[in-house]
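# Remarks on the overall topology
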Amino acid sequence: KCSTPDQRDIIEYFRLFVDDAAAHGSNILLSAEAFDQPNLNITQLTSILVPQQYKIHVVVYYRRFYDWIHSYHNQVTKGKANREKGKQHATFVRWLTDDMLEEAMQSYSVATYNRFKEAPGIFNVSVVNMHEDPDNFNTNARFSCDHMDNAPHLCEIAKSDIVKPNNPSQNLDWKLFRNSIGIYHSIELSDSDTDKWEQIEVKFHKMTNIPQLCLSTEWKKKLLQISLESEKALTPESWYSSEEGLENLMLDFEEKINSKLCSIDIERILL
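The structure displayed is predicted, hence computed values, not measured ones. (Residues numbered from 1 in each chain as written. Predicted model: local features only at pLDDT ≥ 70, side-chain atom pairs only at ≥ 80, totals over all residues. Heavy atoms only, no water.)

## Details of the state of the cysteines
Applying the stated criterion across every chain, the model contains two disulfides. In this model, Cys 145 is linked to Cys 155 through a disulfide, with the two sulfur atoms separated by 2.0 Å. Disulfide Cys 145-Cys 155: the torsion about the S-S bond is 100°, which places it as right-handed. Of this pair, Cys 145 sits in helix H7 (residues 139–147) while Cys 155 sits in helix H8 (residues 152–160), and the two are 10 residues apart along the sequence. Given the relative accessible area of 25%, Cys 145 is considered partly exposed. (Disulfide = S-S within 2.5 Å. Helix = DSSP H or I, 4+ residues; strand = E, 2+ residues; numbered from the N terminus. Buried < 20%, exposed > 50% of the residue type's maximum accessible area, 1.4 Å probe, protein only.)

## Digging into the environment of Thr 208
Within the fold, Thr 208 resides in the loop between helix H10 (194–206) and strand E3 (212–213). Residue Thr 208 is classed as exposed on the basis of its relative accessible area, which comes to 64%. C-alpha of Thr 208 to C-alpha of Phe 116: the two residues are 92 residues apart in sequence and 48 Å apart in space.

## Description of the pattern of salt bridges
Scanning the model with the defined rule gives nine salt bridges in all. Measuring nitrogen to oxygen at the nearest pair gives 2.9 Å for the salt bridge that ties Glu 231 to Arg 64. On the criterion of sequence distance, the pair formed by Glu 231 in helix H11 (residues 217–234) and Arg 64 in the loop between strand E1 (56–62) and helix H3 (65–83) is long-range, its members being 167 residues apart. Accessibility classification places Glu 231 together with Arg 64 in one group, the buried group. Salt-bridge contacts for Asp 252 lead to Lys 256; the nearest nitrogen and oxygen are separated by 3.1 Å. In this pair, Asp 252 and Lys 256 both sit in helix H13 (residues 243–257), four residues apart, roughly one turn of the helix. By relative accessible area, which is 18% here, Asp 252 ends up buried. Connected via shared salt-bridge partners are Asp 67, Asp 252, Lys 256 and Lys 260. (Salt bridge = Lys/Arg side-chain N within 4 Å of Asp/Glu carboxyl O.)

Nothing here speaks to function; it is all geometry.
Printed below as a string of structure tokens:
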């Protein structure tokens, strides 16, 4: 919903862009992370595209919930930790509460898929399963080859690209630890004291037997249940009933739940 002059200008520019593309018989490709936001005005978007005879095909990427929620925390916290230095930010295990889970799930693939599926004016909603051949998964190739009509040249270009991590997850242990030091100890160091911070960081990375916090049994069951239900909701039975599907999900979950999905216990280290 547009309420400011700048927002209205953007909508008007987009409307003119769509009119021009339609006049030239061109397809339109829109890509934005904000499409997963629950407050996205889908009706306003379709009201501009549908009158120009565009059939709107939405492509949703599916990542298993336990991996996604950990990445979601990483992304949100990484931005806050960079902006709000000297303020303590919660590790994943501390951050994961019922309220945070409810909020995050509004942006997850299942909720996004359902919003677009139910929206008037949407022609089709497809799901790209990121766990099919995960070691060689090529985001651009899957999209260009499977969901771009009449674009064989683009498909071949996408296939030729070297597969590399896109926006890889960042280990936040040191950043969260550094931001917590001043809360537990009266240390007088500013950001300009780079040499001293580097010395502390070297010692941090040399620590062994670092105390960990892992999720409670209740939370482990909750994450697994949501993950299983999501896989069944977004993938065909031929996938989730195969070895690569739910069986692989549970094995992968058991491997990560006591390692990747655990957090360092900052309080025990600093107290």
